[in-house]
Amino acid sequence: MKRLGLSNVRIRTRFVILLVGILAVSLLMNVVWIWMTQQKQAEREMHEKAYVLSQQMEAAWEFMVINQDVINYDANGEYNFKKLHCSLVGKSIGKLFGKKTGYTIRYTNFNPRNKADIPDQFELEALTLFAADVKTSEFYKVSEYAGKGAFRYTAPMRIEENCLECHGEPAGELDILGYPKEGWKIGDLAGIVSIVMPTAMYTENIQSNVVKQVGYISLLTLSIIMVIYYAMSKLVTRPLNQLKDAMGHVKTGDLKVDLKDIDAQGEIRDLSDHFEIMTQELQTLYDDLENKVELRTQDLARANDILESQQIQLEEANRRLREDNQYKSDFLAIISHELRTPLTSIIAFAEVLEKAREGKCPKEQKITQEIRANSQVLLRMINNILEIARIEAGKQELIIEPIDLVDVINAVESVIEPLIEKKSIQYSSVLHSDVPVIEGDREGLRRIVENLLSNALKFTPEGGEIKVWVAYDQERNEVLINVQDNGIGIRKEDQPYIFEKFVQSDSSIHRQYNGSGLGLALAKELAELHGGWIKVVSELDKGSLFTVGIPAGEGKEDWLHLDF
């Protein structure tokens, strides 16, 4: 599959693209810098010209003011006003100069005598500035005039002594031209000279300079790119292509590569030399590897033969273990069955003797009770062995039917009641009102409860306390059977193993409590056959709490709270 994008572009093309990008950015920055520099330079030139022009106009104005007497008096000393006053001469010179240069020269103030001299917005800004600050000698900026770009320059005109004849006091008196005097004093702002210089010519010069600079830099950039492209092709691309062809041979499995004639210098030459050495070493390793693979193949064949032999032996050993396990289960079942029959008879005779109490001394009655109680303990152990054997043989089948757990617990209580009375145990049982009728194996559930209660009785001292309560977990739809005692408890390290077969917390020969270690294992097996679980919470010397969870199934019914 071909790779698309920049990853498929050759190195010299990438380098040229990178160089062109750098030069293009540099060119753009240079153009911006030249444009800004040219603009500032043009602005300085226009400012200098405007300043010189304003000084020349002011000199002409002062010349007319000084020579008014020479102009208006004839040779006989008679006064003959020629109407060639300073304002007229200044404006006339400005118009003549503007026709030749394209400049506009105006004289204006806040309230000019001629409506044609009314100031525009820029001139009003200048007048306001000069009126507020007598130290300001000029005001200029680039803006628009008559819809075109222009450099605007203004300079203040202050009242001097020669100006008072026409503009001094008293205010309102008509001067020689027939205009009312303004009542100005020496130093007051009489107006401004406003010079407008079009920027079109300067802009064209700036554009011309920028175009020349861009053309020169572009030509220089193209030349540099061509030189670099040629150098990259000669010094980098060609030797890399030769190295690429050599790698293609290696890819096909041909490790005999000769790069002595490659046209390369410097780092690429070093790279080709190292590549050639690497291919030679790979060839050597490949030859050694073939020999080693052949030897390892022979070793693996021998090892495989050994493993097959061991597998046959292991299968034979497993077969024997299964047979032994089956023999063990059959033996336990047979022995337990044979023991169960006489034990049932012993318990029956003990119950008959226990009921016929007339004429018996207390000692004989106690012996009869002992015979009955111990026979029942032994019968429960035998039943546990039979159940475990059936489960291991896969012959245990559950008879599923609707079950009220009240009946199950009552049945167990009737069996263990003698043991409860014998040890003076404080016993209580409760079934919560929301516990439904469940579907399960009645005998299996009875064995679970019986084994848990027998375990609690065995490890609870005389005068102890045992509690049984059944609750319903609506969220998980499970019935929880809880058996709690305040007996000896279970060590934390022993708790993970107590549900294994033939395991007790005290497994020594001299242990205090008898038992086969099958009760809890059978309870776990039966709970799991129902799809449930069993767990324990215990603390040494404080007692244990066993909880069995049995799925409630569907169609459950609520029962009234029963305390029995």
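Predicted, not measured: the structure shown is a model, and the values here were computed from it.

### Details of the overall build of the protein
Here comes step 1: Helix and strand content of the protein: 11 helices and 12 strands.
Here comes step 2: Residue burial in the protein is summarised as follows: out of 564 residues, 34% are buried.
Here comes step 3: Total accessible area on the protein stands at roughly 35,800 Å², and carbon and sulfur atoms take up 57% of it.

### Section: the UniProt feature "transmembrane region" (unreviewed entry) in the protein
Here comes step 1: Mapped onto the present numbering, the UniProt feature "transmembrane region" (unreviewed entry) falls on residues 15-36 and 214-232.
Here comes step 2: Helix makes up 100% of residues 15-36 and strand 0%, with an end-to-end C-alpha separation of 32 Å.
Here comes step 3: Counted over residues 214-232, helix gives 100% and strand 0%. Its end C-alpha atoms are 26 Å apart.

### What about the packing of aromatic side chains?
Here comes step 1: All told, the structure shown has five aromatic pairs when counted by the stated rule.
Here comes step 2: Relative to Phe139, the ring of Phe122 lies with its centre 5.2 Å away and its plane at 25 degrees, an arrangement referred to as stacked. Placement of the pair is Phe122 in helix α4 (residues 121-132) and Phe139 in strand β2 (residues 139-145), with a sequence separation of 17 residues.
Here comes step 3: Taking relative accessible area as the criterion, Phe122 reaches 7% and is therefore assigned buried.
Here comes step 4: Geometrically, the ring pair formed by Tyr140 and Tyr153 is stacked, given 6.2 Å between the ring centres and 20 degrees between the ring planes. Pair noted here: Tyr140 is in strand β2 and Tyr153 is in strand β3 (residues 148-158), with a separation of 13 residues, a long-range link.

### As for the sheet that holds strand β1 (residues 104-108)
Here comes step 1: If you walk across this open sheet you meet the four strands as β1-β4-β3-β2, and the pairing is antiparallel. Each edge of the open sheet is held by one strand with a lone partner, namely β1 and β2. Here the average twist between neighbouring strands, direction ignored, is 25 degrees.
Here comes step 2: As judged from the five bridges shared by β1 and strand β4 (residues 189-198), these two strands associate in the antiparallel manner. Paired with Arg106 across the strands is Ser194, a residue of β4.

### A word on the pattern of salt bridges
Here comes step 1: Going through the model one piece at a time under the given rule, you end up with 19 salt bridges.
Here comes step 2: The salt bridge involving Arg446 is made with Glu443; its shortest N-O contact spans 2.6 Å. Residue Arg446 and its partner Glu443 are both found in helix α10 (residues 442-459); the two are separated by three residues, about one turn of the helix.
Here comes step 3: Under the relative-accessibility criterion, Arg446 is labelled buried at 18%.
Here comes step 4: Here Arg476 ties to Glu478 by a salt bridge, and the two come within 3.7 Å at their closest N and O atoms.
Here comes step 5: Judged by its relative accessible area of 9%, Glu478 falls in the buried class.
Here comes step 6: Look at the salt bridges and you will find they share partners, linking Arg106, Asp120, Glu123 and Arg152 into a network.

### So, unusual backbone geometry
Excluding glycine, residues mostly carry a negative phi; peptide bonds, for their part, are mostly trans.
Here comes step 1: In the segment running from Glu169 into Pro170, the intervening peptide bond is cis, with an omega of 0 degrees.
Here comes step 2: Of note, Pro170 is situated in the loop between α5 (164-167) and β4.
Here comes step 3: Positive phi, normally seen in glycine, also occurs at Asn477, with a value near 55 degrees.
Here comes step 4: Relative to the assigned elements, Asn477 resides in the loop between β8 (465-473) and β9 (478-485).
Here comes step 5: Exposure remark for Asn477: the relative accessible area of 26% places this residue in the partly exposed category.
Here comes step 6: You will see that Asp541, though not glycine, has its phi angle at about 70 degrees, which is positive.

### A short note on the pairing of β4
Here comes step 1: Across the 10 residues that make up β4, a large majority, nine, are buried.
Here comes step 2: For β3 and β4, the ladder comprises nine bridges, and the chain directions are antiparallel. By the bridge assignment for β4, Pro156 is matched with Ile192.

### Considering the environment of Phe97
Here comes step 1: Checked against the element boundaries, Phe97 lands in helix α3 (residues 86-101).
Here comes step 2: When its relative accessible area of 29% is taken as the criterion, Phe97 is described as partly exposed.
Here comes step 3: The residues touching Phe97, leaving out its near neighbours within four places in the chain, are Leu53, Tyr103 and Ile105.

### Structural notes on α10
Turn by turn, an α-helix covers 3.6 residues, leaving residues three or four places apart pointing in a common direction.
Here comes step 1: Here α10 is 18 residues long and its end C-alpha atoms lie 26 Å apart, about the 26 Å a rise of 1.5 Å per residue gives.
Here comes step 2: Most of α10 sits inside the fold, with 15 of its 18 residues counted as buried.

### Things to note about the side chain of Asp117
Here comes step 1: With respect to the helices and strands, the residue Asp117 is situated in the loop between β1 and α4.
Here comes step 2: Residue classification places Asp117 among the buried positions, given a relative accessible area of 11%.
Here comes step 3: For Asp117, the contacting residues outside a window of four places in its chain are Lys91, Arg106, Tyr107, Thr108 and Pro112.

### Considering a nonpolar patch on the surface
Here comes step 1: The grouping of Leu28, Val32 and Met36 at the surface amounts to a nonpolar patch, some 290 Å² of accessible area in total.
Here comes step 2: Here Met36 is to be found in helix α1 (residues 11-66).
Here comes step 3: Judged by its relative accessible area of 45%, Met36 falls in the partly exposed class.

### Some remarks on the packing of α10 against helix α11 (residues 519-529)
Here comes step 1: At a minimum axis distance of 9 Å, the contact between α10 and α11 shows a crossing angle of 150 degrees. Relative to α11, the element α10 is oriented roughly antiparallel. Seen along the crossing, α10 lies across α11 with a hand that is left-handed. Listed contacts from α11 to Gly444, Arg447, Ile448, Asn451, Leu452 and Asn455 of α10 are Gly519, Leu520, Leu522, Ala523, Leu526 and Ala527.
Here comes step 2: Residues of the contact of α10 with α11, tallied by class, amount to seven nonpolar, four polar and one charged.

### So, the packing of helix α9 (residues 405-422) against α10
Here comes step 1: α10 packs onto α9 with a crossing angle of 35 degrees between their chain directions and a minimal axis gap of 9 Å. For the pair α9 and α10, the crossing hand works out as right-handed. Contact with α9, carried on its side by Leu405, Asp407, Val408, Ala411, Val412, Val415, Ile416, Leu419 and Ile420, involves Arg442, Leu445, Arg446, Val449, Glu450, Leu453, Ser454 and Leu457 of α10 and no other residues of that element.
Here comes step 2: Of the residues belonging to the contact of α9 with α10, the class tally is 12 nonpolar, one polar and four charged.

Rules used in this analysis
- Residues numbered from 1 in each chain as written.
- Predicted model: local features only at pLDDT ≥ 70, side-chain atom pairs only at ≥ 80, totals over all residues.
- Heavy atoms only, no water.
- Helix = DSSP H or I, 4+ residues; strand = E, 2+ residues; numbered from the N terminus.
- Buried < 20%, exposed > 50% of the residue type's maximum accessible area, 1.4 Å probe, protein only.
- Areas by Shrake-Rupley, 256 points an atom, 1.4 Å probe, with all protein chains shown as cover.
- UniProt positions renumbered as here; feature names shortened; annotations may be inferred.
- Phe/Tyr/Trp six-rings, centres within 6.5 Å; stacked < 30°, edge-to-face > 60°.
- Pairing = 2+ DSSP bridges.
- Axes fitted to C-alpha atoms, helices over the stretch in contact; angles between N-to-C directions.
- Salt bridge = Lys/Arg side-chain N within 4 Å of Asp/Glu carboxyl O.
- Contact = heavy atoms within 4.5 Å.
- Expected span 1.5 Å × (residues − 1).
- Patch = residues over 30% accessible without salt bridge, like charges linked within 9 Å, V, L, I, M, F, W, Y side chains within 5 Å.
- Parallel < 35°, antiparallel > 145°, perpendicular 65-115°, else oblique.
- Left-handed = near helix turned anticlockwise from the far one by under 90°.
- Nonpolar A, V, L, I, M, F, W, Y, C, P; charged D, E, K, R; others polar.

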